[in-house]
Amino acid sequence: MALIIREIASYSSLSLLDLILINVFILTIQLLLKLLKITYCGLRFILTDDLCKDYTTEEGNRLSDGPYPNGWMPVAESEQLNIGTVLKVRVRDRDFVLVRDSNGKVHAMDPYCPHNGAHLGGGDVVKIRGEDCIRCPFHEWSFRAEDGVCVDVPYAKERKAPKGSTVKIWPCVEVNNFICIWFHSKGIGPEWFPDTLKGLKNNEKIYYSRIEYLLNCDAYLISENTSDLSHFKTIHDKPSSFGRKTARLLGLGEQLMEQTFQQLSWKPVEKPDDHKGLLEYKSYFKFLGFRIAEGHFHSIQTGPFMFTLYLQVKSMGLNFTQEMALGLTSIHANRQKFVLRMYTDRDYLSKIICRLIQLGFYSTIQGDCPIWQNMISLKNSIYLREEKSMANHRRWYTQFLDGSEACHFKDAND
């Protein structure tokens with residue numbers, strides 16, 4: 001560098017000192033730009049939230065015709081429905097309408113006005129004699145959000161509706177920022193309710209990010225995956241499944257990170273919580289071959305569609321607890337929406353850890369998605385002794401099928 005500066009000085013009117021100062025200035029600017037780029041990448045890494053992938057553009061299996069399992073199913077996320085608004089949702093191959101009243105409570109109802117069949121999803125929320133109602137966009141009949149009874153017809157005598165002018169109301173709860181509807185093939189009311197994440201119940205955790213997949217497959221296959229302990233070894237317990245994809249997302253190159261799984265177990269919970277299943281395992285994370293963190297994973301499945309997940313991470317003498325809520329939505333028997341909502345502490349270090357976990361889950365689940373897309377739910381799966389947890393899961397899951405297993409599971413040659 002000194003020789004180059006002297007050479008330039010010999011052909012210019014600038015002194016050697018001037019050229020050195022110019023060179024220092026240029027190097028300083030380059031260093032500042034690199035620091036700004038690092039800062040930008042760091043902030044982008046922390047602040048970037050959702051990771052989504054749509055597999056429904058790819059062809060998947062079409063063998064499952066249902067039936068749909070009984071239980072609570074998430075149909076929307078809380079932020080989609082503001083106070084005093086209406087939301088149309090489509091699940092189980094049909095429409096429903098959600099209403100959030102002035103007190104913040106959510107109500108779910110059938111979508112069509114009994115007067116002339118107009119879709120209530122295009123209506124609005126109004127107050128009739130102090131009660132929150134949904135008003136039909138066609139003839140402005142108003143139905144009470146609480147019970148679906150029509151309480152106002154603007155052009156009728158005394159504004160009264162004919163007897164029986166009622167919209168069906170569905171059992172609805174809001175938990176972990178999921179809005180859920182209870183479905184049962186025999187019309188039986190709710191027999192249990194989804195659990196609230198501990199961190200949300202005591203107001204210790206905040207929402208940070210989410211992962212979403214759209215898949216062409218049967219919901220059972222995603223549920224069964226939690227009990228398929230052997231697939232953690234064949235699909236996930238290798239650098240290519242976690243390290244390469246996560247490293248690419250971080251822009252770090254290939255196979256710098258890897259994840260291994262140990263002490264895996266799945267079992268049904270005993271009565272009176274026999275509608276729950278429990279998955280536990282330990283996970284170890286390596287960077288450039290060195291173990292940098294270990295985690296204990298604890299997942300509770302409540303019914304066929306709802307999960308609460310807890311991950312305790314230990315790294316460099318620090319402990320972090322991440323909480324997640326997973327909901328499966330059957331848009332159709334063969335189309336599922338998979339949403340994982342992630343919650344963490346308020347400090348920035350916890351958010352960085354949460355972001356790493358999000359990337360890890362996103363890349364890991366991508367190992368399953370192409371397989372789910374082309375699988376069927378076999379009627380007579382062959383389970384090894386080492387796959388006892390899968391057989392136990394099948395028996396546990398059938399309680400939600402209400403005796404319709406023969407319609408749900410298929411022969412290999414169907």
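That block above? That's the structure.
Rules used throughout
- Residues numbered from 1 in each chain as written.
- Predicted model: local features only at pLDDT ≥ 70, side-chain atom pairs only at ≥ 80, totals over all residues.
- Heavy atoms only, no water.
- Helix = DSSP H or I, 4+ residues; strand = E, 2+ residues; numbered from the N terminus.
- Contact = heavy atoms within 4.5 Å.
- Pairing = 2+ DSSP bridges.
- Axes fitted to C-alpha atoms, helices over the stretch in contact; angles between N-to-C directions.
- Buried < 20%, exposed > 50% of the residue type's maximum accessible area, 1.4 Å probe, protein only.
- Salt bridge = Lys/Arg side-chain N within 4 Å of Asp/Glu carboxyl O.
- Core = buried A, V, L, I, M, F, W, Y, C linked by side-chain atoms within 4.5 Å.
- Patch = residues over 30% accessible without salt bridge, like charges linked within 9 Å, V, L, I, M, F, W, Y side chains within 5 Å.
- Areas by Shrake-Rupley, 256 points an atom, 1.4 Å probe, with all protein chains shown as cover.
- Polar contact = N/O pair within 3.5 Å; in protein donor to acceptor, adjacent residues only side chain to side chain.
- Phe/Tyr/Trp six-rings, centres within 6.5 Å; stacked < 30°, edge-to-face > 60°.

A. Fine view of the overall build of the chain. Helix and strand counts for the chain come out as 10 helices and 19 strands. Taking the contacts inside the chain whose residues are at least 6 apart along the sequence as the reference set, 58% of them involve residues at least 24 apart.

B. Quick look at the sheet that holds strand E11 (residues 172–175). A sheet is described by the order of its strands in space; here three strands give the open sequence E2-E12-E11, paired in antiparallel fashion. On the outer flanks of this sheet lie strand E2 (71–77) and E11, each paired with one strand and no other. Direction aside, neighbouring strands of the sheet carry axes that sit 35 degrees apart on average. The pairing of E2 with strand E12 (residues 178–183) spans six bridges and is antiparallel. In the strand pairing of E12, Glu77 is matched with Phe178.

C. Structural view of the environment of Ile292. With respect to the helices and strands, the residue Ile292 is situated in strand E16 (residues 290–302). Residue Ile292 is classed as partly exposed on the basis of its relative accessible area, which comes to 36%. Each C-alpha atom, one on Ile292 and one on Met316, is 7.1 Å from the other, the two residues being 24 residues apart in sequence.

D. Region of interest: the sheet that holds strand E5 (residues 106–109). Strands sit in the order E3-E4-E5-E10 across an open sheet of four strands; the sheet is antiparallel. In this open sheet, the two edge strands, each paired with only one partner strand, are strand E3 (86–91) and strand E10 (169–170). Relative to E5, strand E4 (residues 94–100) runs antiparallel, the two being bridged by four bridges. Across the sheet, the residue bridging to Val97 is Met109, located in E5.

E. Geometry of the pattern of salt bridges. For the structure shown, the criterion picks out 17 salt bridges. A salt bridge links Glu146 to Lys105; the nearest nitrogen and oxygen atoms lie 3.4 Å apart. With Glu146 in the loop between strand E8 (142–144) and strand E9 (150–152) and Lys105 in the loop between E4 and E5, this pair connects stretches of sequence that are 41 residues apart. With relative accessibility at 44%, the residue Lys105 sits in the partly exposed group.

F. View of the nonpolar core. Leu98, Tyr213, Leu215, Phe338 and Phe361 are the most contacted members of the largest nonpolar core, which has 73 residues in total. Those residues in contact with Phe361 that lie beyond four places of it in its chain are Ile211, Phe297, Leu311, Met324 and Leu340. Judged by nonpolar contacts, the second largest core, of 16 residues, contains Val86, Leu120, Cys136 and Ala145.

G. Focus on a nonpolar patch on the surface. Residues Ile22, Phe25, Ile26, Ile29, Leu32 and Leu33 make up a contiguous nonpolar surface patch of roughly 550 Å² in combined accessible area. As for its position among the elements, Leu32 is in helix H2 (residues 16–47). Overall, the relative accessible area of 45% leaves Leu32 in the partly exposed class.

H. Seen up close, the environment of Gly199. By the element assignment, Gly199 lies in helix H3 (residues 198–201). The exposure class assigned to Gly199 is buried, which follows from its relative accessible area of 0%. Between the C-alpha atoms of Gly199 and Gln322, which are 123 residues apart in sequence, the distance is 9.0 Å.

I. Here's a closer look at the environment of Thr329. Mapped onto the secondary structure, Thr329 falls in strand E18 (residues 318–332). Considering only alpha carbons, one finds Thr329 and Arg90, 239 residues apart in sequence, at a separation of 9.7 Å. Not counting residues up to four positions away in its chain, the partners in contact with Thr329 are Met73, Pro74, Val75, Val91, Arg335, Gln336 and Lys337. Engagement of the side chain of Thr329 in a polar contact is seen with the backbone oxygen of Pro74, the distance being 2.5 Å.

J. The arrangement of the packing of aromatic side chains in detail. Applying the stated criterion across every chain, the model contains 18 aromatic pairs. Seen in terms of ring centroids, Trp72 and Phe193 are 5.4 Å apart; in terms of plane orientation they differ by 35 degrees. Their pairing is tilted. One end of the pair, Trp72, is in strand E2; the other, Phe193, is in the loop between E12 and H3, with 121 residues separating them in the sequence. Relative to Phe183, the ring of Phe96 lies with its centre 5.5 Å away and its plane at 65 degrees, an arrangement referred to as edge-to-face. Of this pair, Phe96 sits in strand E4 while Phe183 sits in strand E12, placing them 87 residues apart in sequence. Considered together, Phe96 and Phe183 belong to a single accessibility category, that of buried residues. Ring pairing ties together the aromatic residues Trp72, Trp182, Trp192, Phe193, Tyr220, Trp266, Trp396, Tyr397 and Phe400, which thus form one cluster.

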